[in-house]
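Take a look at the letters that make up each chain.
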Amino acid sequence: MKITVHSSKAVKPAYGDTTTADVVPLTVFDKANFDTYVSVIYAFRPPSPANVVLEAGLSKALVEYREWAGRLGVDGDGNRAILLNDAGARFVEATADVTLDSVMPLEPTPRVTSLHPSGDDAHAEELMMIQVTRFACGSLTVGFTAHHMVSDGRATSNFFLAWSQATRGVDVIHPVPVHDRASFFSPRVPPQVDFEHRGVEFKPSDKLDVDGHVDVNSDGEVVTQKVHFSREFISKLKALASSGCGGHRTYSTLQCVVAHLWRCITTARGLDADVSTSVCIAVDGRARMSPPVPDGYTGNVVLWARPTATAGDLVTAPLHHAVGLIKREVARINDGYFKSFVDFANSGAVEEERLVSAADAAEMVLSPNIEVDSWLRIPFYELDFGSGQPFLFTPSYLPVEGLLILLPSFSGDGSVDAYVPLFSRDMDTFKNCCYVLPELS
């Protein structure tokens, strides 16, 4: 597959006149998130709108989402901020010399990185970069590369939807974007730090995050396996988890799938029984905080739950043990926890103790732990530029050992696709157990 880039330009908001430049300070949630770019790819069957139509829609959407046309910088107090300078989002036009079907399925391998702009470019300044690639058959891929400190997955998806709505000529963007980052997360007076945030969301700036982890230079290739869990398989997982508790509890798809994968990955890694392993699960605070944060909020509102167990207990205990650990720990990340985090992050302790975000984009090996980004509730398949929804959505190639991404299957029948990166030496064992239902004991 040869990709030829024909143009690359900065697309600016479609204002009649130049607007006033503003500065939006990053919130404590923005600063706690990963300081890196994230890339995803959509695929559409023909027909699709012309590039000039997509570009015009993007320009209109940027009027509503000025963040993505801005740049990262600092405000007057030296705090990191988004500069709303309307410098523009990057828009790349490309073609492929093959049909899309000939390179399907689009698996998360290095090959797919040619379908989106790279955030690794040292000269990259844009916060949003988009590449539209037209294939010989008329199919279209749209690759997004967005900076994670600007927004979480939910908010970034809202921007994608706004772009598609603007392209279709919709009068009112939905959900309505909410840009006020100052008023939602004010610390309480007096502050109430009821939970420990050191070593959780924050770590010392001079502490290398290698305790208990495999050496990042460990000899081994990281490969990604796409696992498809059918609706029937998930239903059986749920029944097993519930039966283990006497049938009195119900568990979510996320809880059961993550518990199953956690156990399978731990088995595949061959961890010693007394090794501690945790699963880091992103928790959206929009509905958990009181008052709730609007669906259209454009920044980050994510913290992480970290259920933990020894490897021996995890793989020998019944499935409901792991599911229960996950359910309890995710429930603990509630309104009180989110507000405790806000109070601690604004207390001055972070600056005094020289703490930094524990979210480390440079960490490439997570063993003995795993991290889960669940995109199960993000409406990826609602993206429609006027000629139909995408038939495929996939994350890009991201070879971070132990970083799992879960998303709804494009079939729309309740099945789930999981992208699981592991060392190649562990992958055969993982594939042998991931489709096997755990025994009820």
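Up top you'll find the structure we're talking about.
The following refers to the structure shown. Since this is a predicted model, take the numbers as computed values, not measurements. (Residues numbered from 1 in each chain as written. Predicted model: local features only at pLDDT ≥ 70, side-chain atom pairs only at ≥ 80, totals over all residues. Heavy atoms only, no water.)

## Description of empty space enclosed by the protein
Counted only if it meets this: Of the two site types, the cavity is a set of points on a 1 Å grid over the protein atoms alone where a 1.4 Å probe fits but cannot get out, and the pocket is an open set with protein on both sides within 12 Å along at least five of seven lines, each lined by residues with an atom within 4 Å of a point. Grid points are joined across faces, edges and corners, and a volume is the space filled by probe spheres set on the points. Working definition: helices are DSSP H or I runs of at least four residues, strands are E runs of at least two. Numbering for both runs from the N terminus. Residues were grouped as follows: Ala, Val, Leu, Ile, Met, Phe, Trp, Tyr, Cys and Pro as nonpolar; Asp, Glu, Lys and Arg as charged; and all remaining residues, including Gly, as polar.
Following the criterion strictly, the structure yields two cavities of 30 Å³ or more and no others. Lining the largest cavity are Pro 108, Thr 224, Pro 395, Ser 396, Tyr 397, Leu 398, Leu 403, Ile 405, Tyr 419 and Pro 421. Those elements that place two or more of their residues in the lining of the largest cavity are β17 (403-408) and β18 (416-423). Split into classes, the residues belonging to the lining of the largest cavity amount to eight nonpolar, two polar and no charged. Surrounding the second largest cavity, Phe 44, Ser 48, Pro 49, Leu 140, Asp 384, Phe 385, Gly 386, Ser 387 and Gly 388 form its lining. Residue composition of the lining of the second largest cavity, by class: four nonpolar, four polar and one charged.

## Some points on the pattern of salt bridges
Under the convention used in this document: Think of a salt bridge as a Lys or Arg side-chain nitrogen and an Asp or Glu carboxyl oxygen that are within 4 Å of each other.
Evaluated as defined, the whole model comprises 20 salt bridges. Taking the shortest distance from any N to any O, the salt bridge between Lys 226 and Asp 417 comes out at 4.0 Å. Of this pair, Lys 226 sits in strand β10 (residues 222-229) while Asp 417 sits in strand β18, and the two are 191 residues apart along the sequence. A network of salt bridges, in which partner residues are shared, links Asp 152, Arg 154, Asp 284, Arg 286 and Asp 295.

## What about the packing of aromatic side chains?
Threshold: For Phe, Tyr and Trp, rings pair up if their centres lie within 6.5 Å, where Trp contributes its six-membered ring, and each pair is then called stacked (planes under 30 degrees apart), edge-to-face (over 60) or tilted (otherwise). When accessible area is computed with a 1.4 Å probe and restricted to protein chains, residues below 20% of their type maximum are described as buried, those above 50% as exposed, and intermediate ones as partly exposed. By the criterion adopted, a ring carries a charge over it if an Arg CZ or a Lys NZ lies within 6 Å of its centre and within 35 degrees of its normal.
Under the counting rule described, the total for this entry stands at 27 aromatic pairs. Residues Tyr 42 and Phe 144 carry aromatic rings whose centres are separated by 5.7 Å and whose planes lie at 80° to one another, so their mutual orientation is edge-to-face. One end of the pair, Tyr 42, is in strand β3 (residues 37-44); the other, Phe 144, is in strand β8 (residues 140-147), and 102 residues separate them in sequence. Residue Tyr 42 shares its accessibility class with Phe 144, and that shared class is buried. Taken together, the aromatic side chains of Tyr 42, Phe 44, Tyr 65, Trp 68, Phe 144, Phe 159, Phe 160, Trp 163, Trp 375, Phe 380, Phe 385 and Phe 393 make up a single cluster linked through ring pairs. Over the face of the ring belonging to Phe 423 we find Arg 425, whose NZ or CZ atom lies 4.3 Å from the ring centre.

Structural measurements only, silent on function.
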